[in-house]
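# Fold and geometry: a report
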Amino acid sequence: MTPDEKKQQVAKAALEYVVEDTIIGIGTGSTANYFVDALATIKHKIEGTVASSNATAERLKSNGIPVLDINGVDEISVYIDGTDESNRYLHLIKGGGGALTREKIVAAVSKRFVCIADDSKLVDMLGKFPLPIEVIPMAQSYVARELVKLGGKPVWREGFITDNGNVILDVHNLQIMEPVKLETQLNEITGVVTNGLFAARPADVLLLGSDKGVQIIK
């Protein structure tokens, strides 16, 4: 199977985790897009959705799926999103699409986080995929210097602005042995909005698309 076929496979499998008559959180990226398309087939069964990016909101609306403002929502039953990397503890690196901050907010509000990905995303140690960090623009240089002190090689994502009006530094050369500790450490750097480690609040379930079918890791 191709990576896209595996993504479609887990997107359809994730429909089983949708709670009827509730609000669903939806992530950002290619795998999340496949889930949006799958969700359109049962859109009459849910109350509405909260989107983690403007791009996802537009895709949901184009499929006739209601999109709600998260500030008017008390609870999200389940958040479904892809990932750039995951270890077997369901610690993730996210933010390849640049929506990491809003993804963290939706995940925080959600009772359950179901991550969907193809099996190439499962790794023994996080860090081969550059870790995205959303940064207030005026702090870009300062944050980059602090990241170098931690052993990282930060690269400005040129020409990209987040939905929040900030910039992204993609940090290469990290071997992330203690994801929760590093997530906290990075967030304490002045000027950092948040980083792409989802470890303090990991996924609850990981669905992996593979040639042998959908693998479930909890």
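Above this text sits the structure in question.
Position numbers for residues start from 1 in each chain and track the written sequence from start to end. At least 70 in pLDDT is required for a residue's local features to be given in this predicted model, at least 80 for side-chain atom pairs to be given and counted, and no such filter applies to totals for whole chains, interfaces and linings, which use all residues. Side-chain metrics in this entry use all non-hydrogen atoms of the structure; hydrogen atoms and water are not considered.

## Some thoughts on the pattern of salt bridges
To keep things clear, this is the line we draw: Salt bridge, as used here: a side-chain nitrogen of Lys or Arg that lies within 4 Å of a carboxyl oxygen of Asp or Glu. Per the convention used, a helix needs a DSSP run of H or I reaching at least four residues, while a strand needs a run of E reaching at least two, with both numbered from the N terminus. Relative accessibility decides the category of a residue: with a 1.4 Å probe and only protein chains considered, values under 20% of the type maximum give buried, values over 50% give exposed, and everything between is partly exposed.
Under the counting rule described, the total for this entry stands at 10 salt bridges. The salt bridge involving Asp 81 is made with Lys 94; its shortest N-O contact spans 2.6 Å. In this pair, Asp 81 sits in strand S3 (residues 78–81) while Lys 94 sits in the loop between strand S5 (92–93) and helix H4 (100–109), placing the two residues 13 residues apart along the sequence. In this structure Asp 81 comes out as buried when scored by relative accessible area, which is 0%. Take Lys 94: its relative accessible area is 2%, and that puts it in the buried class. Put simply, Lys 149 and Glu 146 hold a salt bridge, and the shortest N to O gap is 2.9 Å. Taken together, the residues Lys 149 and Glu 146, both in helix H5 (residues 140–149) and three residues apart, mark about one turn of the helix. For Lys 149, a relative accessible area of 64% puts it in the exposed group. What emerges from the salt-bridge pattern is a single network uniting Asp 81, Lys 94 and Glu 103.

## Some remarks on the sheet that holds strand S7 (residues 131–135)
This is how the line gets drawn: For two strands to be treated as a pair, DSSP must find at least two bridges joining them. Lines fitted to C-alpha atoms define the axes here, with helix axes fitted over just the stretch in contact, and angles between the N-to-C directions of these axes take values from 0 to 180 degrees. Contacts were defined at the residue level, with two residues in contact if any of their heavy atoms lie within 4.5 Å.
Reading across the sheet, the four strands line up as S8-S9-S7-S10 and stay open at both edges, with antiparallel pairing between neighbours. Looking at strand neighbours, the two that pair on one side only are strand S8 (153–156) and strand S10 (192–195), the edges of this open sheet. Recorded for the sheet is a direction-independent mean angle of 30° between the axes of neighbouring strands. Pairing of S8 with strand S9 (residues 167–172) involves four bridges; the strand directions are antiparallel. Across the sheet, Pro 154 pairs through a bridge with Val 171, a residue of S9. Where H5 meets the sheet, it contacts S7, S8, S9 and S10, and its direction lies at approximately 15° from that of S9.

## With respect to the packing of helix H2 (residues 30–39) against helix H3 (residues 54–62)
Defined as follows: Orientation categories follow fixed angle ranges, with anything under 35 degrees roughly parallel, anything over 145 roughly antiparallel, 65 to 115 roughly perpendicular, and all other angles oblique. Left-handed describes a crossing in which the near helix is turned anticlockwise from the far one by less than a right angle; the clockwise case is right-handed.
Following both chains from N to C, one finds H2 and H3 inclined at 25°, their axes separated by 9 Å at the closest point. The pairing of H2 with H3 is recorded here as roughly parallel in orientation. For the pair H2 and H3, the crossing hand works out as right-handed. Facing H2, whose interface residues are Asn 33, Val 36, Asp 37 and Leu 39, H3 presents Thr 56, Arg 59 and Leu 60.

## With respect to the pairing of S9
With five of six residues buried, S9 is to be regarded as a mostly interior element. The pairing of S7 with S9 spans five bridges and is antiparallel. Opposite Ile 133, over in S9, you have Leu 169 as the bridge partner.

## So, H3
Put simply, the rule is: Arc definition: it is the arc formed by the directions from the helix axis to the C-beta atoms.
Where H3 is concerned, the buried positions are Thr 56, Ala 57 and Leu 60. Burial along H3 is one-sided: seen end-on, the buried residues are contained in an arc of 100°. Exposed and facing more than 90 degrees away from the buried side of H3 are Ala 55, Glu 58 and Ser 62. In the core, the buried residues of H3 are packed alongside strand S1 (23–26), H2 and strand S2 (48–51). Gly 64, located one to two residues past H3, shows a positive phi value of around 75°.

## Things to note about the nonpolar core
Filter applied, for reference: In this description, a nonpolar core means a group of buried Ala, Val, Leu, Ile, Met, Phe, Trp, Tyr and Cys residues linked to one another through side-chain atoms lying within 4.5 Å.
Counting residues in hydrophobic clusters, the biggest one holds 24 residues, and the most contacted among them are Val 18, Phe 35, Leu 39, Ile 80, Val 114, Ile 116 and Leu 207. Secondary structure elements with two or more residues in this core: helix H1 (3–13), S1, H2, H3, S3, strand S6 (113–118) and strand S12 (205–209). Not counting residues within four places of it along the chain, the set of residues in contact with Val 18 comprises Ile 24, Phe 35, Leu 39, Ile 42, Ile 46, Val 78 and Ile 80. Listed in part, the 20 residues of the second largest apolar core include Val 167, Val 171, Ile 176 and Ile 189.

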